[in-house]
Amino acid sequence: PRPRVAKKEEAPASDTESTTNASSVGRTCASSVRVKIAELVPWGEIALGNKILPHCNTAFCVADVFLLSAFLEMAGLQDCSGGCVKLLLRTLKFLRLCDYSAEDMCSILAHSCEYVKDVLEVCGGRMDDREVGNVVVCLTFMAHSWIQDETCPLRVWHRHIFRDYCSIGTLNLAVVRLFELRRYRMRLPSQCIAENMRQLLGAIPWPSSMLQPSA
């Protein structure tokens with residue numbers, strides 16, 4: 001299959017910069033439906049809202065806040081750091097910039113959260129907060145490579161997410177090591193994935209304004 005390439009070729013100038021140019025994702029977005037995430041999310045009612053709120057401007061859209069909240073809880077990452085939250089919001093934004101649908105993203109995360117739980121059980125105690133975040137993103141890359149017909153190459157993930165953390169060679173070795181930890185077994189029980197999909201899709205608010213780029 002033809003590799004998918006992120007439509008936004010350069011990473012944002014800063015981690016807190018929200019995407020406001022709808023043309024970067026191939027869609028038209030009137031200014032009237034652009035929203036400020038902090039004003040729309042009921043922070044006291046979602047899991048880990050207190051951890052996500054300080055970094056909400058990193059999110060691509062309101063729906064990603066709800067999606068991340070569900071993912072963190074399902075993956076057992078309730079104690080994750082603010083840096084991890086910020087990195088995962090950037091990862092969700094990256095997937096949207098690659099034009100993956102909400103259903104595609106939920107399928108990727110449905111696999112990734114199970115991979116995360118397995119890795120944390122084996123070596124979670126030996127990783128610091130920054131390592132946990134980067135491992136979660138690597139596992140998300142692996143999940144997307146396993147289930148998507150059109151994938152985004154690792155070099156593009158590196159350019160947008162990892163370039164300030166490690167070299168592409170180091171990233172490639174980390175992914176290989178994670179594959180080895182799983183003994184290259186990426187398939188998960190269908191019942192497990194179906195339940196994870198149900199929870200993730202159920203977490204997303206579906207009004208169209210919730211899926212638009214933030215202001």
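Residues numbered from 1 in each chain as written. Predicted model: local features only at pLDDT ≥ 70, side-chain atom pairs only at ≥ 80, totals over all residues. Heavy atoms only, no water.

Student: Explain the overall build of the chain residue by residue, including any values.
Tutor: Counting its secondary structure elements, the chain contains nine helices and zero strands. Ordered by position in the sequence, the α and β elements of the chain form the string α-α-α-α-α-α-α-α-α. The proportion of buried residues among the 215 residues of the chain is 53%. Residue pairs in contact within the chain that sit at least 24 positions apart in sequence constitute 77% of those at least 6 positions apart. (Helix = DSSP H or I, 4+ residues; strand = E, 2+ residues; numbered from the N terminus. Buried < 20%, exposed > 50% of the residue type's maximum accessible area, 1.4 Å probe, protein only. Contact = heavy atoms within 4.5 Å.)

Student: An account of the nonpolar core is needed here, citing residue identities and associated values.
Tutor: Leu-68, Phe-71, Leu-72, Leu-77, Trp-157 and Leu-200 are the most contacted members of the largest nonpolar core, which totals 72 residues. Within the residue set of this core, elements represented by two or more residues are α3 (62-74), α4 (82-97), α5 (102-123), α6 (129-147), α7 (154-162), α8 (168-181) and α9 (190-203). Ranked by the residues each element gives to this core, the list is headed by α5, at 11 residues. Sequence-distant contacts of Phe-71, that is, excluding residues within four places in its chain, are made with Leu-77, Leu-88, Leu-109, Ser-112, Cys-113, Val-116, Val-136 and Leu-200. (Core = buried A, V, L, I, M, F, W, Y, C linked by side-chain atoms within 4.5 Å.)

Student: Run through the packing of α3 against α5, naming residues and quoting values.
Tutor: Between α3 and α5, whose axes approach to 9 Å, the crossing angle comes to 25 degrees. The angle between α3 and α5 falls in the class roughly parallel. Regarding α3 and α5, the two cross each other, and that crossing is right-handed. For the pair α3 and α5, contact is made by Asp-64, Leu-67, Phe-71 and Met-74 and by Met-105, Cys-106, Leu-109, Ser-112, Cys-113, Val-116 and Lys-117, respectively. (Axes fitted to C-alpha atoms, helices over the stretch in contact; angles between N-to-C directions. Parallel < 35°, antiparallel > 145°, perpendicular 65-115°, else oblique. Left-handed = near helix turned anticlockwise from the far one by under 90°.)

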